[in-house]
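Survey of secondary and tertiary structure
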Amino acid sequence: MRPQVTTALAPSSTLSAADRCDRCGAQAYVRVTLTSGGELLFCAHHGREHSEKLRNIAITIHDETGRLDAAPAVSAAEDEQ
Ligand SMILES: [Zn+2]
């Protein structure tokens, strides 16, 4: 069974600047809902790094990393720690 990967933005589930990566504290762009019911947040970097494992344990992977393509190259994720 493969997890559903959503790229469409549902207003109620859109990630905000208040959502932080569980690994490094940068702004989160990936939200993973686990089969256990838990939730994990990752920045684009760690979302990619862990994507292989996440697909095995996730029900849904909400991926907003596409928004980064439209953002300036300068990382805004590291200046609000
Ligand atoms: Zn991270």
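Residues numbered from 1 in each chain as written. Predicted model: local features only at pLDDT ≥ 70, side-chain atom pairs only at ≥ 80, totals over all residues. Heavy atoms only, no water.

- As annotated in an unreviewed UniProt entry, the protein chain is DUF7455 domain-containing protein from Kribbella caucasensis.

1. Describing the coordination of the zinc ion
- At 1.9 to 2.4 Å from the zinc ion lie its protein donor atoms, namely Cys21 (SG), Cys24 (SG), Cys43 (SG) and His46 (ND1).
- Taking relative accessible area as the criterion, cysteine 43 reaches 7% and is therefore assigned buried.
- Here histidine 46 falls in the buried class, since its relative accessible area comes to 14%. (Donors = N, O, S within 2.8 Å, 3.2 Å for Na, K, Ca; no water. Buried < 20%, exposed > 50% of the residue type's maximum accessible area, 1.4 Å probe, protein only.)

2. Structural notes on the environment of glutamate 39
- If you trace the backbone, glutamate 39 turns up in strand E3 (residues 39-42).
- Sequence-wise, glutamate 39 and threonine 60 are 21 residues apart; in three dimensions their C-alpha atoms are separated by 9.7 Å.
- Every residue in contact with glutamate 39, bar those within four places of it in the chain, is listed here: Asp22, Arg31, Val32 and Thr33. (Helix = DSSP H or I, 4+ residues; strand = E, 2+ residues; numbered from the N terminus. Contact = heavy atoms within 4.5 Å.)

3. Some words on the pattern of salt bridges
- For the structure on display, the rule yields 1 salt bridge.
- Of the charged contacts, one joins arginine 67 and glutamate 64 as a salt bridge, the two residues approaching to 2.7 Å between their closest N and O atoms.
- For glutamate 64, a relative accessible area of 1% gives the class buried. (Salt bridge = Lys/Arg side-chain N within 4 Å of Asp/Glu carboxyl O.)

4. Quick look at the nonpolar core
- Residues Cys21, Ala26, Val30, Val32, Leu34, Phe42, Cys43, Leu54, Ala58 and Ile61 constitute the largest nonpolar core, which totals 10 residues.
- Of all the secondary-structure elements, those providing two or more residues to this core are strand E2 (30-34) and strand E4 (58-63).
- If you tally residues by element for this core, the top one is E2, at 3 residues. (Core = buried A, V, L, I, M, F, W, Y, C linked by side-chain atoms within 4.5 Å.)

5. Describing the pairing of E3
- In this sheet, E3 lies alongside E2 in antiparallel orientation, the contact comprising 4 bridges. Along E3, the bridge assignment pairs threonine 33 with glutamate 39.
- Count of turn residues in the E2/E3 antiparallel hairpin: 4 residues, of which glycine 37 carries a positive phi of about 100°. (Pairing = 2+ DSSP bridges.)

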